[in-house]
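Listed below, chain by chain, are the residues.
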Amino acid sequence: MNIYSWVRDNATNMPDKVCVQSRDRNLDFGELHRCCNVLGTSLRAAGISRGDRVTIVLPNMPEFVISYMAIVGIGAVAVLVNPAYTSGEMAHILKDSGSKAMILEDTWLKTYETIKDTCPLDTIITTGENGTFNKWVSGSAREVMAEDMEKDDTAVMIYSSGLTGYPMGAMLTHGNLDHQSDLMRLCMDADHTDTTLTVIPCFHSFSSAVNMLSMLRYGGSIYLMRRPDFKEMSEIISSKRVTSMGAVPTLYYGMIYHPDFKDTDCSGLKTLIAGGSALDIQIYKAFKDRFHLDIRHGYGITEASPTCAVNNKHIEIRPESIGPCVPGVKARVVDDSGADLAAGEKGELIFKGPNIMKGYFNKPEETKEAIRDGWLYTGDLGYIDKDGYIYITGYKKDMIITSGFNVYSKEVVDVLNSMPGIGDSAITGIPDLVRGAIIKAYIVRKDPDLTLGAIKGFTRNRLARFKTPRKIVFVDEIPRDDNNRPILDTLEQG
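Bear in mind the structure is a predicted one, so any value in this text is a computation, not a measurement.

Caption draft 1: Here's a closer look at helix α12 (residues 281–291). Along α12, the positions that sit buried rather than exposed are Ile 283, Tyr 284, Ala 286, Phe 287 and Phe 291. Buried positions along α12 lie against α11 (249–257) and β12 (271–274). In this structure Asp 280 caps α12, since a side-chain oxygen of it lies 2.8 Å from the backbone nitrogen of Gln 282. One or two steps after α12, the chain reaches His 292, where phi turns positive at roughly 60°.

Caption draft 2: Summary view of the pairing of strand β16 (residues 347–352). Counted residue by residue, β16 has 5 buried out of 6 residues, so it is predominantly covered. Of the strand pairs in this sheet, strand β15 (residues 330–334) and β16 are connected by 5 bridges, and their pairing is antiparallel. Its bridge partner lying in β16, Val 333 is registered against Leu 349.

Caption draft 3: Representation of the sheet that holds strand β17 (residues 359–360) within the structure. Taking strand neighbours across the sheet as the criterion, the 7 strands line up as β6-β5-β3-β4-β7-β8-β17 in an open arrangement whose pairing is mixed. Of all the strands in the sheet, just β6 (123–127) and β17 have a single pairing partner and so form its edges. In terms of strand pairing, strand β7 (residues 154–160) meets strand β8 (residues 168–173) through 6 bridges, oriented antiparallel. In the sheet register, Thr 154 faces β8, and the bridge partner there is Thr 173.

Caption draft 4: Highlighting the environment of Glu 113. Tracing the chain through its elements places Glu 113 in helix α5 (residues 109–113). Look at Glu 113 and you get partly exposed, because its relative accessible area is 42%. It is 8.7 Å that separates the C-alpha atoms of Glu 113 and Ser 87, two residues lying 26 residues apart in sequence.

Caption draft 5: Here's a closer look at the packing of aromatic side chains. Scanning the model with the defined rule gives 10 aromatic pairs in all. Between Tyr 253 and Tyr 257, the ring centres sit 4.9 Å apart and the planes meet at 55°, which makes this aromatic pair tilted. Of this pair, Tyr 253 and Tyr 257 are both found in helix α11, 4 residues apart, which corresponds to roughly one turn of the helix. Residue class for Tyr 257 comes out exposed when judged on its relative accessible area of 53%.

Caption draft 6: Representation of the nonpolar core. Of all hydrophobic cores here, the largest spans 152 residues; its most connected members are Tyr 68 and Met 69. Element by element, the count of residues in this core is highest for helix α3 (residues 62–73), at 8 residues. Dropping the residues within four chain positions of it, Tyr 68 is found in contact with Ile 3, Ile 56, Leu 80, Val 156, Leu 177, Met 212 and Leu 213.

Caption draft 7: Main features of the environment of Gln 180. Relative to the assigned elements, Gln 180 resides in helix α7 (residues 174–181). Under the relative-accessibility criterion, Gln 180 is labelled buried at 3%. When the C-alpha atoms of Gln 180 and Leu 109 are compared, they prove to be 33 Å apart, with 71 residues separating the residues in sequence. Apart from the residues lying within four places of it in its own chain, the contact partners of Gln 180 are Ala 209, Ala 304, Ser 305, Pro 306, Thr 307 and Asn 355. Only 2.8 Å separates the side chain of Gln 180 from the backbone nitrogen of Thr 307, close enough to count as a polar contact.

Caption draft 8: Spotlight on helix α14 (residues 409–417). Among the residues of α14, those classed as buried are Ser 409, Glu 411, Val 412, Val 413, Val 415 and Leu 416. Here the buried face of α14 lies against α4 (87–97), β21 (399–402), β22 (405–408), β23 (422–432), β24 (436–445) and α15 (452–460).

Caption draft 9: Geometry of the layout of surface pockets. In this structure, the second largest pocket occupies an estimated 990 Å³ of space. The wall of the second largest pocket is formed by 33 residues, among which Pro 201, Pro 228, Ser 403, Phe 405 and Phe 466 lie closest to the centre. Mapped by element, the contributors of at least two residues to the lining of the second largest pocket are α11, β24 and α15. Within the lining of the second largest pocket, the residues separate by chemical class into 18 nonpolar, 8 polar and 7 charged.

Caption draft 10: Expanded view of the sheet that holds strand β25 (residues 471–474). Spatial ordering of the open sheet is given by β23-β24-β25, a layout of 3 strands whose pairing is mixed. The two strands at the open ends of the sheet, each matched to only one other strand, are β23 and β25. Within the sheet, the average angular offset between the axes of one strand and its neighbour, ignoring direction, is 25°. Contacts from α14 reach β23 and β24 within the one sheet, and its direction differs from that of β23 by about 140°. With respect to the sheet, α15 is in contact with β23, β24 and β25, its orientation differing from that of β25 by roughly 130°.

Caption draft 11: The arrangement of the state of the cysteines in detail. The full count for this structure, using the stated rule, is 0 disulfides. The cysteine Cys 202 is free of any disulfide, with Cys 19 supplying the nearest cysteine sulfur at 13 Å.

Caption draft 12: Highlighting the packing of helix α10 (residues 230–238) against α11. Packing of α10 against α11 leaves a shortest axis separation of 11 Å and a crossing angle of 80°. Comparing their axes, α11 and α10 come out roughly perpendicular. For the pair α10 and α11, contact is made by Phe 230, Met 233 and Ile 237 and by Leu 251, Gly 254 and Met 255, respectively. Each residue belonging to the contact of α10 with α11 can be placed in one class, and the counts come to 5 nonpolar, 1 polar and no charged.

Caption draft 13: How the structure looks around the pattern of salt bridges. Counted under the stated rule, the structure contains 31 salt bridges. Close ionic contact of Asp 340 with Arg 332 constitutes a salt bridge, the shortest N to O distance being 2.7 Å. A single salt-bridge network, built from bridges that share partners, covers Glu 316, Arg 318, Asp 385, Lys 386 and Asp 387.

Caption draft 14: Structural view of the environment of Lys 313. Counting through the fold element by element, Lys 313 comes out in the loop between β14 (307–310) and β15. Residue Lys 313 is classed as partly exposed on the basis of its relative accessible area, which comes to 26%. For Lys 313 and Cys 187, which are 126 residues apart along the polypeptide, the C-alpha to C-alpha distance reads 6.0 Å. Excluding its chain neighbours within four sequence positions, the residues that come into contact with Lys 313 are Cys 187, Met 188, Asp 189, Lys 270, Thr 271 and Arg 296. A polar contact of 2.9 Å, which involves the side chain of Lys 313, links it to the backbone oxygen of Lys 270.

Criteria and thresholds
Residues numbered from 1 in each chain as written. Predicted model: local features only at pLDDT ≥ 70, side-chain atom pairs only at ≥ 80, totals over all residues. Heavy atoms only, no water. Buried < 20%, exposed > 50% of the residue type's maximum accessible area, 1.4 Å probe, protein only. Helix = DSSP H or I, 4+ residues; strand = E, 2+ residues; numbered from the N terminus. Contact = heavy atoms within 4.5 Å. Polar contact = N/O pair within 3.5 Å; in protein donor to acceptor, adjacent residues only side chain to side chain. Pairing = 2+ DSSP bridges. Phe/Tyr/Trp six-rings, centres within 6.5 Å; stacked < 30°, edge-to-face > 60°. Core = buried A, V, L, I, M, F, W, Y, C linked by side-chain atoms within 4.5 Å. 1 Å grid on protein atoms, 1.4 Å probe; cavity = no way out; pocket = protein on both sides within 12 Å on 5 of 7 lines; lining within 4 Å. Points joined across faces, edges and corners; volume = space filled by probe spheres on them. Nonpolar A, V, L, I, M, F, W, Y, C, P; charged D, E, K, R; others polar. Axes fitted to C-alpha atoms, helices over the stretch in contact; angles between N-to-C directions. Disulfide = S-S within 2.5 Å. Parallel < 35°, antiparallel > 145°, perpendicular 65-115°, else oblique. Salt bridge = Lys/Arg side-chain N within 4 Å of Asp/Glu carboxyl O.

Here it is as structure tokens:
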């Protein structure tokens with residue numbers, strides 16, 4: 001099997017059907033198939049073979065879809081990277097993954113140039129006006145795709161920090177993504193007539209599965225937005241060109257209150273899914289009052305490819321819940337010893353099914369800790385009610401979710417503590433209706449002249465912007481428990 005076969009089959013059966021849309025360009029299945037075949041065979045000619053890793057650093061644009069499917073089509077592995085990452089974060093992923101090639105926008109090439117001596121690559125392909133991408137996809141299609149793969153062969157790697165504080169490559173297989181791509185049909189009745197409004201980035205596992213892969217499988221269409229633009233969103237939604245969207249709660253909040261949505265006609269939308277972070281009940285109610293549509297809350301984790309549960313269309317919706325498990329997936333709630341807890345009792349949520357990752361790339365011990373007897377230990381706390389609906393109540397892992405992105409405390413604290421002038425630090429998440437949470441840091445200064453601006457500048461040079469603290473408070477000390485964990489309740493609130 002190979003998930004690229006969806007592109008090949010749809011190009012045969014409906015070559016003129018538009019499958020990728022954006023403000024500047026549309027692609028039908030025939031053209032997508034041609035571009036993927038040419039890029040794939042060109043990558044092979046450049047020395048990329050089965051199992052090799054190729055890093056993609058692109059926003060939502062047609063070139064992302066072409067690159068993703070071409071790489072998996074030839075049996076290589078697409079390593080998805082957030083373009084907001086700093087050169088240091090990019091260097092870690094390039095080294096850890098052993099990538100042989102990279103596809104990125106020409107405007108971001110300078111990010112790589114600062115690390116190219118320590119992260120040499122055989123092949124660099126750039127998009128944009130001055131890029132080389134068009135040369136790599138020019139010419140006629142060559143019928144050599146797709147490489148025959150096993151279900152357990154890795155298709156994609158997405159980096160997640162787990163409990164370690166440093167990013168590890170979660171290996172998602174062709175079988176994982178095949179399962180995930182069909183959930184829009186099974187849970188939301190989607191088919192070839194649907195078009196997904198794709199605003200959250202496709203390098204995010206939630207967006208790539210729900211918005212992109214489902215439509216490539218069914219013969220539907222993907223409308224790609226490079227970044228949130230509420231005016232463009234309003235125009236597209238009012239034109240009834242899109243039927244569904246999977247997005248983070250922040251986006252739905254914006255639709256409620258942004259002035260460009262004042263007169264938006266949402267009657268063409270039939271499926272709205274929220275994931276990436278908790279859906280505040282206030283957002284759910286305000287959205288339904290305004291647009292008379294339900295937002296269906298779900299839950300996923302990168303290591304589960306990612307979707308585990310959702311309020312699907314065939315059951316009563318319970319917006320404060322993440323819904324029951326999706327088809328093929330099982331859930332349990334366990335205590336610290338791994339013993340099962342009864343309905344309604346709170347503990348750690350664990351999942352098992354065809355969506356669970358193959359493991360962390362070259363990290364056997366960390367994989368064994370995360371996956372035990374086939375069950376993925378999520379580090380998320382919650383309970384399951386008597387009807388099978390799952391509720392998230394907190395996190396066992398030291399993590400903050402902001403605007404749909406996971407931020408692991410250890411990674412941020414390690415950066416803060418590496419700054420000259422800082423003696424100790426800790427971070428916490430402050431509830432925020434729009435972002436879910438914002439990051440607040442407590443800093444013990446060794447240098448009394450150390451400023452907030454200096455700290456923010458230091459972290460922004462080493463961490464993606466969404467990981468940097470938005471609030472910083474100086475304190476005399478950070479109290480800690482017997483396990484050296486910070487006791488934040490006793491610190492100054494401000």
